[in-house]
Every structure is written in structure tokens, then in C-alpha cells.
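# Residue-level structural notes
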Amino acid sequence: MKIVVLAKQVPDTWSDRKINLDTGFLDRSASDPVPDEINERALENALLYKEANADTEIVVLSMGPEQTTQTLRKLLSMGADSAVLVTNPALAGSDMVQTARTLAAAVQQMDADLLLAGNEATDGRGGMVPAMIAEILGWPVLPGLDHLQIAADEVSGTAQVDAGTLTLSSPLPAVVSVTEKTAEARFPSFKGIMQAKKKPLDTWNSADLGIQAGPEAASSRSVMVSAQGRPAKEAGPKITDDGTAAAQLAEFLVANRLI
Ligand SMILES: Cc1cc2nc3c(=O)[nH]c(=O)nc-3n(C[C@H](O)[C@H](O)[C@H](O)COP(=O)(O)OP(=O)(O)OC[C@H]3O[C@@H](n4cnc5c(N)ncnc54)[C@H](O)[C@@H]3O)c2cc1C
């Protein structure tokens, strides 16, 4: 079985994340780039399957700037067999549709049986890319699985919805997106880090994929109209207990519609 894991490079969630207010793009120099944690969990699901099924091949796939190789090397050190980065300056500023078109075109070159993704990126948070790729490929999609089981010809799992728990299954090939309730990702071992240096990491551009992609090639696209920084935090009111603190607290909560 060939499993392709979609991995996005994102700013470290522990650092201060910033956007460029002129372009609306992420300021990538403001924080350390890391693999999105949700994608490490998606990879962990693939690795667990591979441990029980040796004839499994795992490819990690990302679209992003050239520095995304850093993320892909980490995922290789965790156990993926190879990696592909799709990059091209013309792809910068791609919206979800353009990203899905590009990634789907890459998947079409790979003869994959299963595509694993995160349910939502920690920075963009569109939550639509996996379903869009499934639509383009004409594959079924199992979105937001909390638990999944991969079998030779089928994938199944459960997803939490407002009204309860859904049990879903689909024949392969299929697209699955997972939530943060799935497998906790492993740390790369020293041996894994050394092996990752020799594993194949290919870089493709849109020309390799035979498609016109990126904002300029889109017939219609979403455009950032304006961007504003988060307002600075203001100090809240201080309440000194003169015997009326409880009443003042209750008033504050009511005034701010917190109770
Ligand atoms: C040169 C260049 C610069 C870019 N700069 C930015 C930027 O500044 N900010 C930004 O957010 N994006 C950037 N991108 C990536 C792209 O525009 C976004 O990935 C895209 O808009 C997805 O939106 P989302 O994060 O809301 O996806 P979601 O739908 O929330 O993502 C869900 C899942 O889809 C998969 N996925 C999503 N995007 C990618 C990806 N790029 N590669 C592999 N898997 C993916 C992951 O598994 C993810 O967990 C850049 C791309 C390139 C080529």
C-alpha cells in the first residue's frame, strides 16, 4: 500500500506568530517553521500501519516555500520513506482552491492508495483542503476522524459531530483527515535522524505537474482585502475587596456578557 501524508509547514505555535499587514501573508521570518503537529499525527497513523504491514510505502507531500525541506526532513526522520515538496514562487499567496489543485496534481503522479491529512492547519485553519483534493481526484473523503483503522482495501473510523458519533468507512483509494484525538506522534530517534539525511526528498514545480497553478493562473480566487493587527491588550479593572468585591465581580461578568 502507498500512503501519502499531506504535511504543511507552519510557524511554531509556541512562538509569537505575525502576519505582514501589507500583504496579509504570514511573516515567516518572525517564528521558527515546524511541521504542523496535526500532520505529525496523520503520519503516526501511517507509521503504525507500516509497522504491521512491511510492504507499505509512506510519502510525505508538501506545498510551500523552499525552506519547507526542513519540515520534510523531520518527517523523514520520524519514519516516512520519501518526501516531495512542490514549490514555485508563483504559488505564493495561493488560496485553498489553488493549493488543492496543486496538491491533487502531485498526488495524481504518485499512484497512491490512501491520502492522510490534518483536519485543519494551525495557521490557515481553512479546514477544506483535504475535501477539495478528494473532489478533484474523485475519491471519497472521510473528514475529521478521531480514530481510524486502515486495512488492505478499506479505511474506516469515527468522527464526532454535534449529534453524536459517526462511524464511516470507504474502499480505497480515499482521502482521510484526522483530528488531534488520533495517534500521538513519536519523537524521531537518533537513528531516524541519521537515516533521514539519505532518504529521497524531491522538489517539483508546477511545470513538473503539467498544470498552471498559483494566484495568477486562477480564473477566480479569494483576495485579501485588508489586514489588521490584533489590538494591544488593555489592563482590566482592578477590584479591591472593601466588602463589595463579589457584587462588583458579578456586575463585571454581567456587563461583559460572561454569565
Ligand atoms: C511559496 C509559498 C508560500 C506560501 N505562504 C503561505 C503563507 O504565508 N501562509 C499560509 O497559510 N500558507 C502559505 N502557503 C501554503 C498555501 O497557500 C496554504 O497551504 C493553503 O492556503 C491551505 O490553507 P489552510 O492552511 O487553511 O488549509 P487547511 O484546509 O486548514 O489544511 C488542512 C490539511 O490540508 C493539508 N494541507 C494544507 N495546506 C497544505 C500544504 N501547503 N501542503 C501540504 N498539505 C497541506 C494538511 O494536511 C492540513 O492539515 C504558501 C505556499 C507556497 C508555495
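Structure shown above.
Sequence order sets the numbering: in each chain, residues are counted from 1 along the sequence as written. In keeping with the model being predicted, local features are shown solely for residues with a pLDDT of at least 70 and side-chain atom pairs are shown and tallied solely at 80 or more, while totals for entire chains, interfaces and linings include all residues. To get the side-chain values, all heavy atoms of the structure are used, and hydrogens and water are removed first.

## As for the pattern of salt bridges
Applied cut-off: Think of a salt bridge as a Lys or Arg side-chain nitrogen and an Asp or Glu carboxyl oxygen that are within 4 Å of each other. Secondary structure counts use DSSP, requiring at least four H or I residues in a row for a helix and at least two E residues in a row for a strand, with both numbered from the N terminus. The classification of residues rests on relative accessible area computed with a 1.4 Å probe and restricted to protein chains. Under 20% of the type maximum is buried, over 50% is exposed, and intermediate values are partly exposed.
Here the structure, examined in full by the defined rule, presents eight salt bridges. A salt bridge links Glu37 to Arg41; the shortest N-O distance between them is 2.9 Å. Here the residue Glu37 and the residue Arg41 both occupy positions in helix H1 (residues 37–52), the gap between them amounting to four residues, near one helical turn. Look at Glu37 and you get partly exposed, because its relative accessible area is 37%. Taking the relative accessible area as the measure of exposure, Arg41 reaches 9% and is therefore buried. The partner of Glu184 in a salt bridge is Arg41, with the nearest N and O atoms 3.7 Å apart. One end of the pair, Glu184, is in the loop between strand E11 (174–178) and helix H5 (190–196); the other, Arg41, is in helix H1, with 143 residues separating them in the sequence. A cluster of three or more residues bridged by salt bridges with shared partners is formed by Glu37, Arg41 and Glu184.

## Considerations on the sheet that holds strand E8 (residues 147–150)
Threshold: For two strands to be treated as a pair, DSSP must find at least two bridges joining them. In this analysis, axes come from line fits to C-alpha atoms, helices being fitted only over the stretch in contact, and the angle between any two N-to-C directions falls in the range 0 to 180 degrees.
Taking strand neighbours across the sheet as the criterion, the three strands line up as E8-E9-E10 in an open arrangement whose pairing is antiparallel. In this open sheet, the two edge strands, each paired with only one partner strand, are E8 and strand E10 (164–171). Ignoring strand direction, the axes of neighbouring strands in this sheet form an average angle of 15°. Looking at chain direction, E8 and strand E9 (residues 154–161) are connected through four bridges and run antiparallel. Opposite Gln149, over in E9, you have Ser156 as the bridge partner.

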